[in-house]
Each structure stands twice: as structure tokens, then as C-alpha cells.
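Next come the chains, spelled out residue by residue.
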Amino acid sequence: MNKKKAQNRFVFACLAPAVILVFIFMVIPTIDVFKTAFFKKSNFVSDATFAGFFNFKVLFNDMRFIEAMQNTILYVVLITIITLVLAVLFATLLTREEFVGKNFFRVIFYIPNILSIVVIAGIFSAIYQPTNGILNTFFGMIGLSSLQQQWMGNPAVINYSIIGALVWQAIGYYMVMYMSSMSSIPENLYEAANMDGATPWQKLTKITLPMLANTTFIVVIMLVIEAFNMFESIFIMTQGGPVGSTSTIMYYIYEQGFMNYNMGYASALAWIFFALIM
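My aim in this report is to walk through the structure given alongside it, one point at a time.

1. Considering the packing of aromatic side chains
For the structure on display, the rule yields 22 aromatic pairs. Seen in terms of ring centroids, Phe39 and Phe50 are 5.4 Å apart; in terms of plane orientation they differ by 80°. Their pairing is edge-to-face. With a gap of 11 residues between them, Phe39 in strand β1 (residues 39-40) and Phe50 in strand β2 (residues 49-50) connect regions that are remote in the sequence. Residue Phe50 is classed as exposed on the basis of its relative accessible area of 58%.

Spelled out as C-alpha cells, the structure:
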């Protein structure tokens, strides 16, 4: 019994610092944000005026919020699907196929993941530059000048330009996850499939993908969370522009709270975002 009590005290002593920090820096601020959502408050130190559900009523009539919600959902859906498909495709090629320079391509695909978003923004600014950028120059060289445009200035395409940059950065990380999982698939399954005359597509859909179900579940969750919490890339690349066409929920919360000094409304937005994530 004394040994059991000693073990419990040791576990408590190990967990106590982390629990205290979580309570101070997560639980208390979360409760404070929920309380602030029912007040009109301009900044952290100003007096708060009770407003009831006013902030929430304004929220559902705010077209900027609706546009930010649409952009967020667009990012979540497209980034998740495109990254997932390409990560599986490249992982399959680099694991199941034999060709010269395979290890070189593994490194090349992973390098974007270790670059900061500032570097990514600089690279794609050069790619999307309207006059002599790589993309418009390429279209001009192959006779598709009609496709040349302002990739970061046209509200109709700028979201897809950002998605392209973020997918390029993310593929390598998730490709490595899939490669690790694929290496654990028993080789005799593929040998049996070869004996039965299975095509590469049949081996992918009947063996590889089902055996990767657990990895895919984790990858989808990670991608969705990253896409929902997208802030740094928007802040650095576009700051929500042009005219709010790239604003996400996270960026709109920041804009309302720390640029427009409307902490009450920003807190209401944060709680709607919290409910959406849950």
C-alpha cells in the first residue's frame, strides 16, 4: 500500500507542473474569452460594457465573416484532398517503384517542409510575379499567353495560388509518413497479387490503400487542423487581401481583435470557430 501511495505521489508530482501551466495559460484564458464575447470591449485594459448576445447577432449578418468562413472551408477541403492524393502517389512511386535517383527525389520532395513560411512566400512571389515570374513566363513560352494573369492580385484565383504554395510545402512531410507505413506492408501480399496478374492500380486500391487506413485517418485529421488554423501564411502572403478575398476565420479574429480593437466581437468569433472545430 505504501508503495502504491508513493507511486501516486510521484505521478502527481510529475503531472502537477504541466497541469498548472495548462490551467493558467489555456483554461483561464478560454473562460475569459467566453466571458468577453458577451461584452463590448475595445482592448485588453478598457472597461467592458455588457452587451448580451449582441456580438453573436452581428456575427451572423457580417458578410466579411461569411466570406472568411467560405475561404476557410475552401482551404480545408482542397488542401486536405490534394495533399492526401499527391502524398500517396509520390510515396507509392518512391517506395514500390525502382528507378535511378529515387533517394535524391525523396530528399527533394521533403525539403519544402523544412522551409519557413517566409521563405515559401518569397519563392512563390517569384513564381507568381506577373511580369517576369516563372509561371507566366512558362505559359508564354508554350503559347498559352491567355493563361497569364495576376496570380496574387486577382480575387478569383488568389486562393488557389495560396493553396498551391501550401500543398507544395506540405506534401513531403505526409509523403514520408506514408512511406513509413508502406514499408510495413507484407511483401507477400504484392507477390500474390503479381501471381494473380493484378495491375498496379488494383494493387494500389486493393492492397496499399486499405493497409494505410490508419495512417490516412491521422493524416486527414492533421491536415484539417492545419488548414483550419491557417494564419501565418495569410498574414505574410496577403494580409487577407485583396479586399478580404483571402481572409480566413483565424485571420479575421486577429484583424477584429488586434487591428480594429474590437475584443468582444473577436471573442465571439473565436467561440464560433471553437464550436466549428469541435
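Okay, back to it.
2. Quick look at the environment of Phe231
By secondary structure assignment, the location of Phe231 is in the loop between α10 (213-228) and α11 (232-237). Between the alpha carbons of Phe231 and Ser116 there is a distance of 13 Å; along the sequence they are 115 residues apart. Residues within four places of Phe231 in sequence aside, it is in contact with Met250, Tyr251 and Tyr254.

3. Details of helix α9 (residues 200-211)
Look at α9: 15 Å from first C-alpha to last across 12 residues, which is about the 16 Å you get at 1.5 Å a residue. Among the residues making up α9, those that are buried are Lys203, Leu204, Ile207 and Thr208. Angularly, the buried residues of α9 cover 125° about the axis, an arc narrow enough to put them on a single face. Relative to its buried face, α9 has exposed residues pointing more than 90 degrees away, namely Trp201 and Lys206. Where α9 is buried, its residues touch α3 (63-96), α7 (158-182) and α8 (187-195).

4. Topic: the packing of α3 against helix α4 (residues 102-110)
The interhelical angle for the contact between α3 and α4, taken along N-to-C directions, is 155°, at an axis separation of 10 Å. The pairing of α3 with α4 is recorded here as roughly antiparallel in orientation. The interaxial crossing formed by α3 with α4 has left-handed handedness. The residues of α4 that touch α3, namely those facing Phe90, Leu93, Leu94 and Thr95, are Lys102, Phe105, Arg106 and Phe109.

Here is what the cut-offs are and how they apply
- Numbers given for residues are sequential positions, taken from 1 along each chain in its written order.
- Totals for whole chains, interfaces and linings use all residues, but because this is a predicted model, local features are given only for residues with pLDDT of at least 70 and pairs of side-chain atoms are given and counted only at 80 or more.
- Where side-chain values are given, they derive from all heavy atoms of the structure, hydrogens and water being excluded.
- Side-chain rings of Phe, Tyr and Trp, where Trp is taken by its six-membered ring, are said to pair if the distance between their centres is within 6.5 Å; with planes under 30 degrees apart they count as stacked, over 60 as edge-to-face, and otherwise as tilted.
- The secondary structure listing takes helices from DSSP runs of H or I that are at least 4 residues long and strands from runs of E that are at least 2 residues long, numbered from the N terminus.
- Think of it in three bands: residues with accessible area under 20% of the maximum for their type are buried, residues over 50% are exposed, and the middle band is partly exposed, with areas taken using a 1.4 Å probe on protein chains only.
- Should any heavy atoms of two residues lie within 4.5 Å, those residues are counted as being in contact.
- The span one expects for a helix is its residue count, reduced by one, times 1.5 Å.
- Within this analysis, the arc is defined by the directions that extend from the helix axis to the C-beta atoms.
- Note on geometry: axes are C-alpha line fits, over the in-contact stretch for helices, and angles between N-to-C directions span 0 to 180 degrees.
- Here the angle decides the label: under 35 degrees means roughly parallel, over 145 means roughly antiparallel, 65 to 115 means roughly perpendicular, and every other value means oblique.
- The sense of a crossing depends on the near helix, which, turned anticlockwise from the far helix by less than a right angle, makes the crossing left-handed and, turned clockwise, makes it right-handed.

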